[in-house]
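# Analysis of the macromolecular model
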Amino acid sequence: MFIFTLRRLNLFLFTMFILTILTFSLSFFFPGEHLANISGQINATPEQLELVALEYGKHESVLYQYWYYLNHLFQGNLGVSMNSQLPVADEIMSHLPATIELTLVALFIAMIAGIPIGFIAAIRHRKKTDNLILSFSMIGYSIPVFWLALLAILVFSIQLGWLPSAGQISLVYEIEQVTGILFIDILISDTPYKWQAFNNATTHIILPACVIALAPATIFVRLARTAMLSVLDSHYIKAAMAKGLNTRQIVFRHAIRNAMVNVIRDVGLQFANLVTLAMVTEVIFNWPGIGNWLIQSIYQRDYTAIQGGLLALSSFIFIVHILTDFIYASLNPLARGSKHAS
């Protein structure tokens, strides 16, 4: 386990090194002054620009400038947004929790819906149920997320009026932001309308979360189906059949547990897909997440915010990958052992 942890730590450090080089290089490719691109100081006086040049090592070589850039990153300084003139780190911390909340709910919906359906398809292998499930999963995966989001708003918000079409919560509820995760902030608040606000936030998150969850759910269907077919074809399952166990006992006592291990291995990859889908969905539903903020920064050519947002999102996705690897290794001891002479 120690070797597994050390390898993942080295991989994380190497990946962060590549990400910092990428974000540092973007400041040279963006149009305009390099100092303004990396610091966000667009209205600074010549004296202030000289101080910024000293802080970022403008008069030194590129290697020294990269070192100064790393020092600012270690201090939590990502520069100032060109548009709002607020620290980029503060903007990221105010928008990232909303994206985390939305993607976690979408991931939960995708797993709850996709994995059991995939298991049913594997149990009904090469039958009408299996073919029908695979057909619907291919159709669901092929639907563009922006078209699905607009269609969902048209049907469930405008025509039926069941769910809100935009926002995270109604403006009538004032919830103090403590953690940034709205549901947690509502539960720890002392407002008398706590449960009304909780229900209102739930209705706001259902539609965008379901839109985001559709494509990953279809992938979970295929992953769960493949994992269950592999488990059902293993020797210990055949031995259980030979002992006289019925299909229900075999599936619930032996097959599901081992098939879930292989599905969890790919959750990290699907989380990266969820974040990408969330960026588009947040704009359509006006969700106050980092994806919406980052796309607005691209429209406004806020280069400092683009660099900081890219670094924050990439780091967040990779951390989720690392956590998924640790969960998979804890469930499957063979994944963390050294494979000699393999």
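Residues numbered from 1 in each chain as written. Predicted model: local features only at pLDDT ≥ 70, side-chain atom pairs only at ≥ 80, totals over all residues. Heavy atoms only, no water.

### Digging into the pattern of salt bridges
In total, this model carries one salt bridge according to the counting rule given. In this structure, the salt-bridge partner of arginine 225 is aspartate 130, at a minimum N-O distance of 2.8 Å. One end of the pair, arginine 225, is in helix α9 (residues 194–232); the other, aspartate 130, is in helix α6 (residues 128–142), with 95 residues separating them in the sequence. Each member of the pair, arginine 225 as well as aspartate 130, is classed as buried. (Salt bridge = Lys/Arg side-chain N within 4 Å of Asp/Glu carboxyl O. Helix = DSSP H or I, 4+ residues; strand = E, 2+ residues; numbered from the N terminus. Buried < 20%, exposed > 50% of the residue type's maximum accessible area, 1.4 Å probe, protein only.)

### Structural notes on the packing of aromatic side chains
Summed over all chains, the structure comprises seven aromatic pairs. Judged by centre distance (5.6 Å) and plane angle (65°), the rings of phenylalanine 24 and tyrosine 66 are edge-to-face. With a gap of 42 residues between them, phenylalanine 24 in helix α1 (residues 2–29) and tyrosine 66 in helix α4 (residues 62–74) connect regions that are remote in the sequence. Each of the two residues, phenylalanine 24 as well as tyrosine 66, counts as buried. Taken together, a centroid distance of 5.9 Å and an interplanar angle of 65° make the contact between tryptophan 195 and phenylalanine 198 edge-to-face. Of this pair, tryptophan 195 and phenylalanine 198 are both found in helix α9, three residues apart, which corresponds to roughly one turn of the helix. The exposure class assigned to tryptophan 195 is exposed, which follows from its relative accessible area of 54%. One aromatic cluster is present, built from ring pairs that chain together Phe17, Phe24, Tyr66 and Tyr69. Over the face of the ring belonging to tyrosine 141 we find arginine 222, whose NZ or CZ atom lies 5.1 Å from the ring centre. (Phe/Tyr/Trp six-rings, centres within 6.5 Å; stacked < 30°, edge-to-face > 60°. Lys NZ or Arg CZ within 6 Å of the ring centre and 35° of its normal.)

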